[in-house]
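Here's the letter readout for the chains.
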Amino acid sequence: ARFCRFIATLDLPSSITVRQEILEGYAAERVLDLAEAVRADLVVVGRHGRAALERLLIGSVATRVVRGTTRSVLVAPEQVMVPPTVAPGASDDASAVTDHAEWAPLLAAFTSRNTGRHSLLAVSGSSDGTSAEERGYRLVRVSYDPSDPVIELVLGEPHGMRHIRRIVTDVVALTFVSNGEGRDRVLRITHRTGETVIGFVPEHDLMELPV
């Protein structure tokens, strides 16, 4: 029923016929088998890996399809969105900073104010369509090294073993977003190939975060 409702929203011309196939087994193998059976001109697969690594590396099913066929394959990336929990609100204050000389002290102060807060990381690459999202980790630090120059993000537990480290290069601007009370809500790092966004999850939303 969900599939039929989805097809109805596409408003396809009468010259196109949609046929539904329900197959059991490993997804990549069944897609490849069907593509060969119908002599497909094009195979289209979506990318919706749950983990950040899967999303950045296309996705396990999509990768197997690409490697397992000589037919044309189109990998459609999921839409990059800033999750509602970190999206700026109407009453928020936002300030963009493009002067590199200001970044190091601003990020040091940002880290001091927010270390230990539960965060959500969203990464998008406008040039290649890559995207990733991780949530539930705590902010450890955000720093700028003018000698490289790069911005380093570290999320995880301040004294734990699990960490996420991301190096951002070719940064164009930093945008700090705070609520009406001056509490940080979002840090948006704009770089030449996309954006990296760190947002903070409200305490009442922590029950929804994966372990």
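All chains use their own residue numbering, which begins from 1 and follows the written sequence. Residues qualify for local features only when their pLDDT is at least 70, as the model is predicted, and side-chain atom pairs are given and counted only at 80 or more; totals for whole chains, interfaces and linings, by contrast, use all residues. Remark: hydrogens and water are excluded; side-chain values derive from all non-hydrogen atoms of the structure.

### Re helix α4 (residues 60-68)
Along α4, the residues classified as buried are A62, T63 and V65. Down the axis of α4, the buried set is contained in an arc of 165 degrees. They therefore lie on one face. Exposed residues lying more than 90 degrees from the buried face of α4 are R64 and R67. Here's how the labels work: a residue is buried when its accessible area is under 20% of the maximum for its type, exposed when over 50%, partly exposed in between, all with a 1.4 Å probe on protein chains only. Here a strand is any run of E in DSSP of at least two residues, a helix any run of H or I of at least four, and the numbering for each starts at the N terminus. Regarding the arc, it is the one traced by the directions from the helix axis to the C-beta atoms.

### Concerning helix α1 (residues 2-9)
Burial within α1 is sparse, with just 0 of its 8 residues counted as buried. Count one or two residues on from α1 and you reach D11, which has phi positive near 55 degrees.

### Regarding the confidence of the model for the protein
Summary of the metric used: pLDDT quantifies the predictor's per-residue confidence within the range 0 to 100. Predicted confidence across the protein gives a mean pLDDT of 79, with 76% of residues reaching 70 or more. Least confident of the elements in the protein is helix α3 (residues 52-56), whose mean pLDDT is 45; most confident is helix α5 (residues 100-114), at 95. When checking whether two residues touch, look at their non-hydrogen atoms; a contact exists if any pair is within 4.5 Å. Below pLDDT 50 for its whole length, residues 50-57 participates in 18 contacts with residues either more than four positions away or in separate chains. Between residues 204-211, whose pLDDT stays under 50, and residues either more than four places distant or in other chains, the model counts 8 contacts.

### Overview of the environment of S119
Tracing the backbone through its elements, the reader meets S119 in strand β4 (residues 118-125). Taking the C-alpha atoms as reference points, S119 and L139, 20 residues apart in sequence, are found 6.2 Å from one another. Sequence-distant contacts of S119, that is, excluding residues within four places in its chain, are made with E134, R135, G136, Y137, R138, L139, L155, I198, G199, F200 and V201.

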